[in-house]
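Examination of the molecular architecture
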Amino acid sequence: MLRDLNGKGKVSLEADFIVIGAGTVGLPTSVLLARKTGKTVICLETGGLRQQQDTHPLNEVVQLGMAYKGASHGRFRCLGGTSMRWGGALIPFQHSDLSNARWPIELDELTPFISDVERLFSLDSGPYSDQSFPFDLGETHVNRLAKWPRFTKRNVAALLSAELAAAGNLHVWLNAHVVQIRTDAARVHLEAVSPNGDRLTVEGGRLIVAAGAIETTRLALLIDRQNGGAVSAVTPALGRYFADHISAEVAEIVPSRHDVLNKIVGFRFSAAGSMRNIRFELAPQSPARQAVPPGFCHIGFKIEKPGGFDVVRAVLQSVQKRRLPQPRVVCDLIANAPWLTRAVWWRLINKRLLFPAHSRLIVHAVVEQVSTCDNRIELSQTRCDRFGLPLAEITWSVTETDKRNVVQTSDLFRKTWETTSFARMGAWKPLERERIWNSLDDSEGIFHPTGSTRMGATPAEGVVDKDLNLFGVANVQLLATSVLPTGGGANPTMMLLLLAMRCVNRHANECVRPEA
């Protein structure tokens, strides 16, 4: 059931589970908890039904150090959250991404839930690599395939709308901004306020904070403050070790066998309509892992002149946002008919996205940022949001070590390119080192925030334990990419979804299911 706090006055409720955040992870978690446990679930979303603008005023932060663009862009407060604009790449980390970084959890504890994520987003099953890759990449790299849901399957609000409407034990409240969280040994006491001043108080047995990495960290800091410093008294890691992936363009590929290269590195289409894209990660046993953090390289395209690809992308993004395309789209489609006709042929025959006309092939190096306690999120001492709560204050920078790691990641893939069959398909044209270095001086992150409420085996090592329980207070779990101790060599969303599925499964096993 969907409710809006605006205009409701004062409301008091009780629930077995309270979830903060109705976004990419919070909404599926709420739905699955209601379905699998049979218990009452209340989900609180600070935004409304949709977010029309690219930024939201409640995402304002205080920036110290370098600008972190992911603080304002890529964050959405509405039903479905970031999934209304999310790119959609889903891929698990490799085992060595966890074991080499001393995670308190093994990847094998999460892989049983991959099929649940695939069902949620209607993804094809199967490995996250091209097992028929046409040649050997040597000892340094392995190919890996991220899976991308169809545009119509990316927005979790659309995916789960029917179940949300039908679930009598699930209540999602919009425009409910949480301002107070207090806990005791048995219960969680929470208060939320609407933009109009309406107030909702909720008591529950368990709270799950799934509000995105930055907001989840801010709420964890508020929980600490509102509960007498109970968290910071036991762990020094709260808000520390904030990190992202660091990325830069490092080379251009000048194709000599354009169509062959398009078939190997171009986006692939499955029979179900989902997409996959290939990247080249450090191999699990590569000696290079002793020198650089996990990372990968992928080949994208830079469009020099707008064309048919841009038109198709605009249409599909409108579908994802649940909007009608702009009227001019029809004229644009007609104007780009030649490329679109060939693209359809490639889609049907080769199962690939045709490289756009007027584009260049660009190699991107992406590397895990080295965790440091200097990069952190704190509560501002001077600035508050419209509800009187302190803003998040972010101190973040890219270090000289991070820059060297990007360059080394590029050099490793360049060697692989030039010593394998890739060399026959196109020439590696490196960008000047100074240009790469300067671009990293202006790096703003790529919206993969991790680390600031990291998992740890003990409070000395982390903010939550392997089951996501917040150290120092009872009955609170954190569920955001901020719990990932490191960024790994892949996009973090799949790992977070796997943690969510594992969390729900553990609660379901603890509950006595109602008789049918």
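Heads up: these notes are all about the structure in this document. What you are looking at is a predicted structure, and each value in this text was computed from that prediction instead of being measured.

Description of the packing of aromatic side chains
Tallied over the full model, the rule gives 17 aromatic pairs. Where W148 meets F267, the ring centres are 5.2 Å apart and the plane angle is 80°; that geometry is what we call edge-to-face. Taken together, the positions of W148 in strand β5 (residues 141–148) and F267 in the loop between α7 (258–265) and β11 (268–269) put the pair 119 residues apart, joining distant regions of the chain. Its guanidinium or amino end placed over the ring of F387, R386 lies 5.4 Å from that ring's centre, counting from NZ or CZ.

Details of the packing of helix α11 (residues 400–418) against helix α12 (residues 433–441)
Where α11 meets α12, the axes come as close as 10 Å, and the angle between the chain directions of the two elements is 135°. Taken together, α11 and α12 sit at an angle that is classed as oblique. Note that α11 runs across α12; the crossing there is right-handed. Counted together, E400, K403, R404, V406, V407 and D411 of α11 and R433, I436, W437, L440 and D441 of α12 form the full contact between these two elements.

Describing the environment of A423
You can see A423 is positioned in the loop between α11 and β17 (426–430). For the pair A423 and A230, spaced 193 residues apart in sequence, the C-alpha separation works out to 58 Å.

A closer look at the sheet that holds strand β4 (residues 62–65)
Taken in spatial order, the three strands of this open sheet run β4-β16-β15, and their pairing is mixed. In the strand order of this sheet, the two ends are held by β4 and β15 (376–384), each with one partner. On average, each strand axis in the sheet is inclined to that of its neighbour by 30°, with strand direction left out of account. One ladder, built from four bridges, connects β4 with strand β16 (residues 390–396); its direction is parallel. Its bridge partner being in β16, L64 is matched across the sheet by T395.

What to know about the pattern of salt bridges
Under the definition given, this model contains 28 salt bridges. Taking the shortest distance from any N to any O, the salt bridge between D54 and R85 comes out at 2.6 Å. Of this pair, D54 sits in the loop between β3 (41–44) and β4 while R85 sits in the loop between β4 and α2 (95–99), and the two are 31 residues apart along the sequence. According to the relative accessible area criterion, D54 is partly exposed, its value standing at 45%. In this structure, E418 and R414 form a salt bridge, with 3.2 Å as the shortest nitrogen-oxygen distance. One end of the pair, E418, and the other, R414, are both in helix α11, four residues apart, so they sit about a helical turn from each other. E418 sits in the partly exposed class, given a relative accessible area of 42%.

Digging into empty space enclosed by the protein
Empty space among the atoms can be located by rolling a probe the size of a water molecule over them. Applying the stated criterion across every chain, the model contains two cavities of 30 Å³ or more. Volume-wise, the second largest cavity comes out at about 40 Å³. In terms of lining residues, the second largest cavity is bounded by L58, N59, E60, V61, R75, R77, I214, E215, R218, L391 and A392. Every element with two or more residues in the lining of the second largest cavity is listed here: α6 (213–226) and β16. Ranked by residue count, the leading element in the lining of the second largest cavity is α6, at three residues. Considering only residue class, the lining of the second largest cavity consists of five nonpolar, one polar and five charged.

Quick look at unusual backbone geometry
One non-glycine residue, Y241, adopts positive backbone phi at about 65°. Within the fold, Y241 resides in the loop between α6 and β10 (245–255). Phi at N475 is positive, roughly 70°, even though this residue is not glycine. Looking at where N475 falls in the secondary structure, it is placed in the loop between α12 and β18 (476–478). Residue N475 is classed as buried on the basis of its relative accessible area, which comes to 16%.

Details of the environment of I214
Relative to the elements of secondary structure, I214 occurs in helix α6. Taking C-alpha positions, I214 is 8.7 Å from A480, a pair spaced 266 residues apart along the chain. Apart from the residues within four sequence positions on either side, I214 is in contact with Y68, G70, A71, R75, F242, I377, A392 and I394.

Comments concerning α11
In an α-helix there are 3.6 residues to a turn, and that puts residues three or four apart on one side. With 19 residues, α11 extends 27 Å between its outermost C-alpha atoms, agreeing within 8% with the 27 Å of an ideal straight helix rising 1.5 Å per residue. Among the residues of α11, D402, K403, N405, V406, V407, T409, S410, F413, T416 and W417 are the ones counted as buried.

Examining a nonpolar patch on the surface
On the surface, V344, W345, L348 and I349 cluster together into a nonpolar patch covering about 430 Å² of accessible area. In this fold, L348 is placed in helix α10 (residues 337–350).

Rules behind the numbers
- Residues numbered from 1 in each chain as written.
- Predicted model: local features only at pLDDT ≥ 70, side-chain atom pairs only at ≥ 80, totals over all residues.
- Heavy atoms only, no water.
- Phe/Tyr/Trp six-rings, centres within 6.5 Å; stacked < 30°, edge-to-face > 60°.
- Helix = DSSP H or I, 4+ residues; strand = E, 2+ residues; numbered from the N terminus.
- Lys NZ or Arg CZ within 6 Å of the ring centre and 35° of its normal.
- Axes fitted to C-alpha atoms, helices over the stretch in contact; angles between N-to-C directions.
- Parallel < 35°, antiparallel > 145°, perpendicular 65-115°, else oblique.
- Left-handed = near helix turned anticlockwise from the far one by under 90°.
- Contact = heavy atoms within 4.5 Å.
- Pairing = 2+ DSSP bridges.
- Salt bridge = Lys/Arg side-chain N within 4 Å of Asp/Glu carboxyl O.
- Buried < 20%, exposed > 50% of the residue type's maximum accessible area, 1.4 Å probe, protein only.
- 1 Å grid on protein atoms, 1.4 Å probe; cavity = no way out; pocket = protein on both sides within 12 Å on 5 of 7 lines; lining within 4 Å.
- Points joined across faces, edges and corners; volume = space filled by probe spheres on them.
- Nonpolar A, V, L, I, M, F, W, Y, C, P; charged D, E, K, R; others polar.
- Expected span 1.5 Å × (residues − 1).
- Patch = residues over 30% accessible without salt bridge, like charges linked within 9 Å, V, L, I, M, F, W, Y side chains within 5 Å.
- Areas by Shrake-Rupley, 256 points an atom, 1.4 Å probe, with all protein chains shown as cover.

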